[in-house]
There are 2 protein chains.
Amino acid sequence: MLDELAEKVVQGDRRALARLITRVESRDVKIAQVMAEIYEKKGNADIIGITGPPGAGKSTMTDRLTTIYRGRGRKVGIVAIDPSSPFSGGALLGDRIRMNRHATDPDVFIRSLGSRGSRGGLSRATREVTALMDVCGFDVIIVETVGVGQTELDIMDLAHSVVVVFVPESGDVVQTMKAGLTEIADLFVVNKSDRPGADLLERELQGMIEMSVRCDWAIPVVRTVAVKDEGMTTVVEHLDAHRKYLTTCKKDPDALGRMRLVQFGEVVSGLIQDLVEDSTGAEGLLGKLAGQVYNGTLNPYAAAQKMLTDPEMLRELFKGDGC
Amino acid sequence: MLDELAEKVVQGDRRALARLITRVESRDVKIAQVMAEIYEKKGNADIIGITGPPGAGKSTMTDRLTTIYRGRGRKVGIVAIDPSSPFSGGALLGDRIRMNRHATDPDVFIRSLGSRGSRGGLSRATREVTALMDVCGFDVIIVETVGVGQTELDIMDLAHSVVVVFVPESGDVVQTMKAGLTEIADLFVVNKSDRPGADLLERELQGMIEMSVRCDWAIPVVRTVAVKDEGMTTVVEHLDAHRKYLTTCKKDPDALGRMRLVQFGEVVSGLIQDLVEDSTGAEGLLGKLAGQVYNGTLNPYAAAQKMLTDPEMLRELFKGDGC
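None of the values given here were measured: they were computed from a predicted structure. (Residues numbered from 1 in each chain as written. Chains lettered and ligands numbered in written order. Predicted model: local features only at pLDDT ≥ 70, side-chain atom pairs only at ≥ 80, totals over all residues. Heavy atoms only, no water.)

> What is the right way to look at the overall build of chain A in this model?
Tallying secondary structure elements over chain A gives 16 helices and 7 strands in all. The burial tally for chain A puts 58% of its 323 residues in the buried class. At a minimum sequence separation of 6, the contacts of chain A that also span at least 24 residues come to 77%. Surface accessibility of chain A: about 13100 Å² in total, with carbon and sulfur atoms responsible for 51%. (Helix = DSSP H or I, 4+ residues; strand = E, 2+ residues; numbered from the N terminus. Buried < 20%, exposed > 50% of the residue type's maximum accessible area, 1.4 Å probe, protein only. Contact = heavy atoms within 4.5 Å. Areas by Shrake-Rupley, 256 points an atom, 1.4 Å probe, with all protein chains shown as cover.)

> Explain the nonpolar core to me, please; I cannot follow it from the model alone.
Most often, soluble globular proteins keep nonpolar side chains buried together rather than apart. Core analysis: the largest hydrophobic core is formed by 152 residues, its most contacted members being Phe 188 and Phe 264 of chain A together with Phe 188 and Phe 264 of chain B. Those residues in contact with Phe 264 of chain A that lie beyond four places of it in its chain are Val 276, Leu 286, Leu 289, Val 293, Pro 300, Ala 303, Ala 304 and Met 307 of chain B. (Core = buried A, V, L, I, M, F, W, Y, C linked by side-chain atoms within 4.5 Å.)

> Help me understand the packing of aromatic side chains, please; the structure alone is not making it clear to me.
Any aromatic ring pair is given by two values, namely how distant the centres are and how the planes are angled relative to each other. All names here are of chain B. Summed over all chains, the structure comprises 8 aromatic pairs over all chains. Taking the centre distance of 6.0 Å and the plane angle of 55 degrees together, the rings of Phe 109 and Phe 138 count as tilted. Residue Phe 109 is found in strand E3 (residues 108–114), and its partner Phe 138 is found in the loop between helix H6 (121–135) and strand E4 (140–145); the two are separated by 29 residues along the sequence. Plain terms: the ring middles of Trp 217 and Tyr 245 are 5.3 Å apart, the flat faces sit at 35 degrees to each other, and that makes the pair tilted. Here Trp 217 is found in the loop between helix H10 (198–211) and strand E7 (221–223), whereas its partner Tyr 245 is found in helix H11 (residues 232–248), with 28 residues between them in sequence. We note that Trp 217, like Tyr 245, is buried. (Phe/Tyr/Trp six-rings, centres within 6.5 Å; stacked < 30°, edge-to-face > 60°.)

> I tried to follow helix H14 (residues 284–295) of chain A on my own but got confused; where do I start?
For an α-helix the count is 3.6 residues per turn, leaving residues at separations of three or four pointing the same way. Residue and element names in this part refer to chain A. When the terminal C-alpha atoms of H14 are compared, their 17 Å separation across 12 residues agrees well with the 16 Å that a helix rising 1.5 Å per residue should span. For H14, the full list of buried residues reads Leu 286, Gly 287, Leu 289, Ala 290 and Val 293. In an axial view of H14, the angular spread of the buried residues amounts to 165 degrees, which keeps them on one side of the axis. Projecting away from the buried face of H14 at angles above 90 degrees are the exposed residues Lys 288 and Asn 295. (Expected span 1.5 Å × (residues − 1). Arc of directions from axis to C-beta.)

> Teacher, can you tell me more about the confidence of the model for chain A here?
Parts of the prediction with low pLDDT should not have their coordinates interpreted in detail. Mean pLDDT over chain A works out to 81, with 83% of the residues at or above the 70 mark. ipTM for the predicted complex: 0.74, alongside a pTM of 0.73. (pLDDT = per-residue confidence, 0-100.)

> Help me out: how do you make sense of unusual backbone geometry in this one?
Residues other than glycine predominantly adopt negative phi, and peptide bonds predominantly adopt the trans conformation. Even without a glycine there, the phi angle at Asp 229 of chain A is positive, about 65 degrees. Mapped onto the elements, Asp 229 of chain A comes out in the loop between strand E7 (221–223) and helix H12 (232–248). Positioned with a positive phi, Lys 192 of chain B is a non-glycine residue whose angle comes to about 50 degrees. Assignment of secondary structure puts Lys 192 of chain B in the loop between strand E6 (187–190) and H10.

> What should I look at first to understand the environment of Ala 304 of chain B in this one?
Within the element layout of this structure, Ala 304 of chain B appears in helix H14 (residues 300–309). For Ala 304 of chain B, a relative accessible area of 1% puts it in the buried group. With 100 residues separating them in the primary sequence, Ala 304 of chain B and Glu 204 of chain B have C-alpha atoms 48 Å apart. When sequence neighbours within four positions are dropped, the list of residues in contact with Ala 304 of chain B reads Phe 264, Val 267, Val 268 and Leu 271 of chain A.

> Whenever I open this one, the side chain of Thr 224 of chain A confuses me. Can you help?
Among the secondary structure elements, Thr 224 of chain A is positioned in the loop between E7 and H12. Contacts of Thr 224 of chain A, omitting those with residues within four sequence positions, involve Met 61, Val 189, Val 190, Asn 191, Lys 192, Ser 193, Glu 230, Gly 231, Met 232 and Val 235 of chain A.

> Looking at this structure, how should I read the environment of Asp 63 of chain B?
Its place among the elements puts Asp 63 of chain B in helix H4 (residues 58–71). As a C-alpha pair, Asp 63 of chain B and His 102 of chain B span 39 residues in sequence and 8.0 Å in three-dimensional space.

> When you look at the packing of helix H13 (residues 253–277) of chain A against H14 of chain B in this model, what are you seeing that I'm missing?
In a pair of packed helices, the angle between the axes and the distance between the axes together describe the arrangement. Between H13 of chain A and H14 of chain B, the shortest axis-to-axis distance is 9 Å and the interhelical angle comes to 50 degrees. Regarding the angle of H13 of chain A to H14 of chain B, the classification is oblique. You can see that H13 of chain A and H14 of chain B cross each other, and the crossing is right-handed. Judged by residue contacts, Arg 260, Gln 263, Phe 264, Val 267, Val 268, Leu 271 and Ile 272 of chain A of H13 of chain A engage Pro 300, Tyr 301, Ala 303, Ala 304, Met 307 and Leu 308 of chain B from H14 of chain B. (Axes fitted to C-alpha atoms, helices over the stretch in contact; angles between N-to-C directions. Parallel < 35°, antiparallel > 145°, perpendicular 65-115°, else oblique. Left-handed = near helix turned anticlockwise from the far one by under 90°.)

> Can you walk me through the pairing of strand E4 (residues 140–145) of chain A in this structure?
Put simply, side chains in a regular strand alternate between the two faces of the sheet. Residues and elements named next belong to chain A. Counting buried positions along E4 gives 6 out of 6 residues, so the element sits mostly inside the fold. Residues Val 140, Ile 142 and Glu 144 point to one face of E4 and Ile 141, Val 143 and Thr 145 to the other, with burial holding for every one of them. Where strand E1 (residues 46–51) and E4 come together, 5 bridges link them in parallel fashion. Directly across from Ile 47, in E4, lies its bridge partner Ile 141. (Pairing = 2+ DSSP bridges.)

> Is there a simple way to explain helix H3 (residues 31–38) of chain A in this structure?
Buried residues dominate H3 of chain A, accounting for 6 of its 8 residues. For H3 of chain A, the secondary structure elements touched by its buried residues are helix H1 (4–10), helix H2 (14–25), helix H7 (121–135) and H13 of chain A together with H14 of chain B.

> Teacher, can you tell me more about the environment of Ile 38 of chain A here?
Residues and elements named next belong to chain A. With respect to the helices and strands, Ile 38 occurs in helix H3. Judged by its relative accessible area of 0%, Ile 38 falls in the buried class. Counting along the chain gives 28 residues from Ile 38 to Val 10, while the straight-line C-alpha distance between them is 8.1 Å.

Take a look at the structure:
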């Protein structure tokens, strides 16, 4: 049975969605139970990932795509991820301002996720937030993330279609990322393509695509000037084509199965990590162990050994009220 | 009692070090026990982090710093992290070539770490590899990572001093990262500073530093042309000063304690994640559960619930032979 808040989310209640997302963000351990039930009610939202180096115009791109999808009557959820400040956990003010014109549209739901806590947490939270938006009735979910590091690529795992946005000055980034890019991107965009260097970058991307090993889907390269709305409908056409391609092509069942296992591992280990990090001052065996680690009298590896080989501690930890 | 390989590492055996690192990389679950003992033998190596956007010249910087430290008779370990290709798990060929002139020096140990497996894994592996190099007798350990994403910042947590390298064209990156940068960097370098735009970028960085809240350590901005060895001794002087500052300043004991707890959580959850991801075809309760997740008949959250609330499964998992 779903809890009251989750039930409201399933019925399309925006305020309930916002509150449930806050629980996801604050790493409420009871959320796992809600998610277990929410997952059974997931629809089939299109998840579009937008990534690329800072300054490439990803937020403008997200804004324009939102306008186009809204014009088609589709409800749009936006997850803006800002891993650039792990300290303040805040989102970029600029993004919020640029998104403002959609902020009053009841069929657009925007949420910024900052990076709080530990590795993997952001990737897990993003997956959970997109699932919640899906269940709440949003048809297209755009996940926008700054940067081209590992976390950003991890996050892109959950998108059906990934757009990697560059500007003509991105040659260095493209050269460094090379193979990794063609393996993650379903669509390349050269934004701000009215600047010099767009031709050269486009040729570099085309060259990379020709050398890549993905045979069934030819990665398109689209030139845009998002801020002037140039090329944006072409982007959407390619996204539609890619989504159609996904539904017709055969998925590798083993790859799918392994992805599910990775997610399972992520959920379990995330719950345990949360338990450990919040264990200072806790009662019982874990509290005692955590105290020793905190004081530096026991090293983290020795503590892990103790924790995982002590059946008493495991019973205490997982007696069922925590998760 | 240390195992044979670990004992050799403590005695300074390079080949044993290489083999133990391979075990770390392949996520051998028994490594946790070795690490628990190795940790007690850790020395006091200086760990220097070098990060920044692609193309900033980080590898050249690492190469030149190595030359300077070797000239002072210090043994140098280098961990080159390449999170750009999560797929191939490989390291950048270019880095290896540039490092070649140190490759025959027995007092320089270079290891590239690619990103294999799941989130957090790279951060954990890096921490373990630096600990092993430290125990093996390396005095300065340089951790070089491409990119400015979350994973890269996480990795920098383990460094005593973090150098963030830019080029004059990095204005966009600097603008996007802002606050996050001054919280992570102990030293800014404007490399390739013979190119136009170096003055402007330097002023931007200085402006950011003035607005930042870190009061005790004034982040220096150094202009270099690493490829011509210009400014490199200044970089080292500032690194020395920062290391000295660290030993004289009072550390916040609570921050230190919490960092240890995070690491404890990382180790425990990492072990559990490895167990789960490798559980297809496994015997017993976990194998059965993993099979259901793999086939998609049980969602990852429901599986996590089952796993963590079943005392039988926990007993089976952690009966002591696995970790």
